[in-house]
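Per-entry structural report
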Amino acid sequence: MRIGVDLGGTKIEAAAVEADGRVRLRRRVATPAGDYTATVATVRGLVQDVEATLGRRGSVGVGIPGTISPASGLVKNANSTWLIGRPLDRDLSEALARPVRVANDADCFALSEAMDGAARDAAIVFGVILGTGVGGGLVVNGAIVRGPNAISGEWGHNPLPWPARPERPGPRCYCGLQGCIETFLSGPALAADHARHAGETVEGPDLARRAADGDPAAEATLQRYEARLVRALAHVINVVDPEVIVLGGGLSHLSRLYDRVPARLPSWVFTDTVATVLRPPENGDSSGVLGAASLWGPRENQP
């Protein structure tokens, strides 16, 4: 049995997965935001609850909104900032008395969709997280590409490409720079953009409903968002040339993206015909936890 844990900024989910991919059990609780010690204890409690319920012990893989630095062994680049600078993999291994594998949550998402989701037949897959933050994961031939700096796929902290004058220098990012893709394409960034232009705070799903009902301000906000997403994905395609890009996170539910964004990609991608396909996730909100479980192969289960 493999246990996957998706450690998010607002919730922590654990799932027990059999070798054939069947999910036996799920548990979800709120994240104790800002409290590192409580976060470790919450993950331990979830895993222990799953194992006690099923009467079995399993391997544990954890997806986090950041990564473990190869240089220091500490968490870096996490928008759940209370994890930064902490030896999370070691602390979880000690708490659970077994090896624990920790990976970026976007890597876990991409792995899940590449293995048995929306990109199961593709050799090169780029998984995108459009949620509280903006992340990305790259999977080639069924394996996560991490890179020597453990930052492969971190497109959210590149600058927005081909910025228009009103987009420069761009909002300030928690990473210390300005104009990062995350500051334009995350869920909070979408709401903030609408607030700047329309003077009211409206979240993504409500914006989509308003736009469908003919609200011109909501439609204008979504068109700005789509134009920025097109440019940002064009950069990825120019560098990586994936067969499939899978969108995840809360904004992946905006169904209009899957028609409007591909139609505009040819204006920005350096090719005659864009063959890259943009798809919604098949595993939905479960992609992160399933990918985390898959950090251990079926034959690698720890006793």
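As a starting point, this report considers the structure included with it. (Residues numbered from 1 in each chain as written. Predicted model: local features only at pLDDT ≥ 70, side-chain atom pairs only at ≥ 80, totals over all residues. Heavy atoms only, no water.)

1. Structural notes on the side chain of T31
Relative to the helices and strands, T31 is located in the loop between β3 (23-30) and α1 (36-54). Apart from residues lying up to four places away in sequence, T31 is in contact with G8, G9, T10, K11, I12 and W82. (Helix = DSSP H or I, 4+ residues; strand = E, 2+ residues; numbered from the N terminus. Contact = heavy atoms within 4.5 Å.)

2. Describing the layout of surface pockets
Volume-wise, the largest pocket comes out at about 910 Å³. D105, I129, G131, T132 and G249 are, among the 36 residues lining the largest pocket, the residues nearest its centre. Of all the secondary-structure elements, those providing two or more residues to the lining of the largest pocket are α3 (105-116), β9 (134-140) and α9 (287-293). When the residues that make up the lining of the largest pocket are grouped by side-chain class, the tally is seven nonpolar, 22 polar and seven charged. Estimated volume of the second largest pocket: approximately 310 Å³. Mapped onto the lining of the second largest pocket, the elements with two or more residues apiece are α3, β10 (143-144) and α9. Here the element with the most residues in the lining of the second largest pocket is α3; it accounts for four residues. Looking at the lining of the second largest pocket, its residues break down into ten nonpolar, five polar and five charged. (1 Å grid on protein atoms, 1.4 Å probe; cavity = no way out; pocket = protein on both sides within 12 Å on 5 of 7 lines; lining within 4 Å. Points joined across faces, edges and corners; volume = space filled by probe spheres on them. Nonpolar A, V, L, I, M, F, W, Y, C, P; charged D, E, K, R; others polar.)

3. Remarks on the packing of aromatic side chains
A complete count under the given rule lists two aromatic pairs for this structure. Measuring from centroid to centroid gives 6.1 Å for F126 and W155, while their planes differ by 85°, and the two rings are edge-to-face. With F126 in strand β8 (residues 124-130) and W155 in the loop between β10 and α4 (182-185), this residue pair connects regions lying 29 residues apart in the sequence. Relative accessible area serves as the criterion here: at 3%, F126 is assigned to the buried category. Considering the side-chain rings of W162 and W268, the 4.9 Å spacing of their centres and the 40° angle between planes classify their relative orientation as tilted. Remark: W268 occurs in the loop between α8 (257-264) and β12 (277-279) and W162 occurs in the loop between β10 and α4; sequence separation between them is 106 residues. The exposure class assigned to W268 is partly exposed, which follows from its relative accessible area of 30%. Its guanidinium or amino end placed over the ring of W296, R101 lies 3.7 Å from that ring's centre, counting from NZ or CZ. (Phe/Tyr/Trp six-rings, centres within 6.5 Å; stacked < 30°, edge-to-face > 60°. Buried < 20%, exposed > 50% of the residue type's maximum accessible area, 1.4 Å probe, protein only. Lys NZ or Arg CZ within 6 Å of the ring centre and 35° of its normal.)

4. Notes on empty space enclosed by the protein
Evaluation of the coordinates by the stated rule reveals one cavity of 30 Å³ or more. Empty space within the largest cavity amounts to approximately 30 Å³. Forming the boundary of the largest cavity are L233, I245, P262, L265, T276, V277 and L278. Its residues placed into classes, the lining of the largest cavity shows six nonpolar, one polar and no charged.

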